[in-house]
Amino acid sequence: MSLQGGSGDRGEVASPTTGNAVSAGGNGVMSGESIRPVTVLSSQRLRLNPNKEHKPDNYEDLQLDFSPSIFSSLEKYLPPNLLGVPREDKVKFMREILLKYLPQGERNRAQKHREYRQKIISNYQPLHRELYTINPSTFFVPDFLQAITDNSEESFKSIVTEPSPGVFTFNMLQPRFCELLLSEVENFEKWVNEAKFRIMRPNTMNKYGAVLDDFGLETMLDKLMEGFIRPISKVYFPEVGGSTLDSHHGFVVEYGKDRDVELGFHVDDSEVTLNVCLGKQFSGGELYFRGTRCDKHVNTATHKEESFDYVHEPGKAVLHRGRHRHGARATTSGHRINLLLWCRSSVFREMKKYQKDFSSWCGECFREKTERQRSSIAATKLELLGRGEATT
Ligand SMILES: O=C(O)CCC(=O)C(=O)O
Ligand SMILES: [Fe+2]
């Protein structure tokens, strides 16, 4: 976890962690509501598929130890006989389930983070309100928008290039959008300095940069992921949950004089990462890739064909697996700011717990599997040959 190899050719890979995990948390009690005896059997199970017709209750006004939106989402999975019971009974049932999944420590951390965000959002005045709601025609370049609208493998192929296996690039953001976002980030940082507000950095590896989700851009970025990144990831990264991306961590990183200089060798806490350069003028800052690895193989050697350097261009996106080992070289002059969207799939993360063989995406698992198959074929051949000789 520790060493951040400068050149990224080998060495241990750091895995940046973030504080934004699951938006839930609390002090473990529901205040303000008396808890009625529940008419529910705890042996009842959630449905496998949601009831899409059901309109869930609103839980915003309750003091709950999980995010109200989790209750609204989970309600669609309640057994049919529970859909019509009083809201407090549904809360009790769902809370019991949620408690099994989110330990107290994590809930406390998530609650603190919710309060932190709330403090920013109620004090920070956005400069460009048009950034906070997605507007495809002003955000994206026409070719990208057309490809997403057509939503087919062919349409994506027409805009996407794959300069190295697993690294996909395409033009994505309009210069005007990049300018506005840069100016919004600058404005946010100005406010942070003036208010002497201590902000959380995007991850453990950055001293600079800002989490966009923390100052109001979460909903916009969620729409960006769902409507624009998930369709592409479904085609290019199906083996790591590309079609089921359901949460994200969105931030900007900043490099240059008085900022971070480079970024060490690491893997992201994401299934799929979108990295778009916003500008401004800079030299250096190339993104180097060194092959995709699972946890077990994260520190294994790089093979020649896995080495690839990418030169950032404003407005242009790079899409890669989070487990694709990478880092950023020093930005030697000017100022470089990139938008990062670490996209995650809860379904993939759950399934991963039960798997050992990741040969569909881990370069080393693939090599081991191929080697096993090769020697098994060789052994079978030898045995058949031996039998043949014995009978002649
Ligand atoms: O600076 C870059 O382009 C890479 C950033 C990155 O890999 C990250 O923040 O996870
Ligand atoms: Fe990264």
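From a predicted model like this one, the values you see are computed outputs, not experimental measurements.

**Re the packing of aromatic side chains**
- Inspection of every chain in the model, using the stated rule, returns 22 aromatic pairs.
- Pairing F265 with Y288 gives two aromatic rings, centres 6.2 Å apart and planes at 40 degrees, and the pair type is tilted. With a gap of 23 residues between them, F265 in strand β5 (residues 263-266) and Y288 in strand β8 (residues 287-292) connect regions that are remote in the sequence.
- Here F358 and W361 contribute two aromatic rings whose centre-to-centre distance is 5.2 Å and whose plane-to-plane angle is 45 degrees, an arrangement assigned as tilted.
- A relative accessible area of 9% means that F358 is categorised as buried.
- A residue is classified by how much of its surface remains accessible, and W361, at 6% relative accessible area, is buried.
- Among the aromatic residues, those joined into a cluster by ring pairs are Y116, Y124, F188, W191, F197 and F215.

**Here we look at the site of ligand 1**
- In the vicinity of ligand 1, 15 residues are found, and the nearest of them are Y255, N275, H312, H326 and R336.
- Side-chain polar atom of H266 to an oxygen atom of ligand 1: 3.2 Å apart, as the coordinates give it.
- At 3.4 Å from an oxygen atom of ligand 1 is found a side-chain nitrogen or oxygen belonging to W342.
- Burial of ligand 1 by the surrounding chains reaches 99%, relative to a free accessible area of 300 Å².
- Taken together, the elements giving at least two residues each to the shell around ligand 1 come down to β4 (247-256), β5, β11 (324-328) and β12 (331-344).
- Broken down by class, the residue content of the shell around ligand 1 amounts to eight nonpolar, five polar and two charged.

**Points about the nonpolar core**
- Judged by nonpolar contacts, the single largest core of 62 residues is most densely connected at F144, F170, M172 and L274.
- No other element matches the nine residues that helix α7 (residues 175-194) contributes to this core.
- Setting aside chain neighbours within four positions, we find L274 in contact with F170, M172, L224, I229, A317, V318, L319, L339, L340 and L341.
- Listed in part, the 16 residues of the second largest apolar core include L62, F66, L78 and L82.

**Quick look at the coordination of the iron ion (ligand 2)**
- Summarising the metal site, the iron ion (ligand 2) is bound by the protein donors H266 (NE2), D268 (OD) and H326 (NE2), whose distances to it range over 2.1 to 2.2 Å.
- Coordination of the iron ion (ligand 2) draws on donor residues from a single chain, spaced H-x1-D-x57-H in sequence. For the pair formed by H266 and D268, the shared burial category is buried.

**What about the side chain of H266?**
- Positionally, H266 belongs in strand β5.
- Within the structure, H266 has its side chain in polar contact with the backbone oxygen of G264 (distance 2.7 Å).
- A distance of 2.9 Å separates the side chain of H266 from the side chain of D268, its partner in a polar contact.

**A look at the pairing of β8**
- Most of β8 sits out of view: six of its six residues are buried.
- Where β8 and strand β9 (residues 307-310) come together, four bridges link them in antiparallel fashion. Along β9, the bridge assignment pairs R290 with S307.
- Looking at chain direction, β8 and β11 are connected through four bridges and run antiparallel. Opposite T292, over in β11, you have H324 as the bridge partner.

What counts and what doesn't
Residues numbered from 1 in each chain as written. Chains lettered and ligands numbered in written order. Predicted model: local features only at pLDDT ≥ 70, side-chain atom pairs only at ≥ 80, totals over all residues. Heavy atoms only, no water. Phe/Tyr/Trp six-rings, centres within 6.5 Å; stacked < 30°, edge-to-face > 60°. Helix = DSSP H or I, 4+ residues; strand = E, 2+ residues; numbered from the N terminus. Buried < 20%, exposed > 50% of the residue type's maximum accessible area, 1.4 Å probe, protein only. Near = heavy atom within 4 Å. Polar contact = N/O pair within 3.5 Å; in protein donor to acceptor, adjacent residues only side chain to side chain. Areas by Shrake-Rupley, 256 points an atom, 1.4 Å probe, with all protein chains shown as cover. Nonpolar A, V, L, I, M, F, W, Y, C, P; charged D, E, K, R; others polar. Core = buried A, V, L, I, M, F, W, Y, C linked by side-chain atoms within 4.5 Å. Contact = heavy atoms within 4.5 Å. Donors = N, O, S within 2.8 Å, 3.2 Å for Na, K, Ca; no water. Pairing = 2+ DSSP bridges.

Geometric descriptors of this kind do not, in isolation, establish any biological role.
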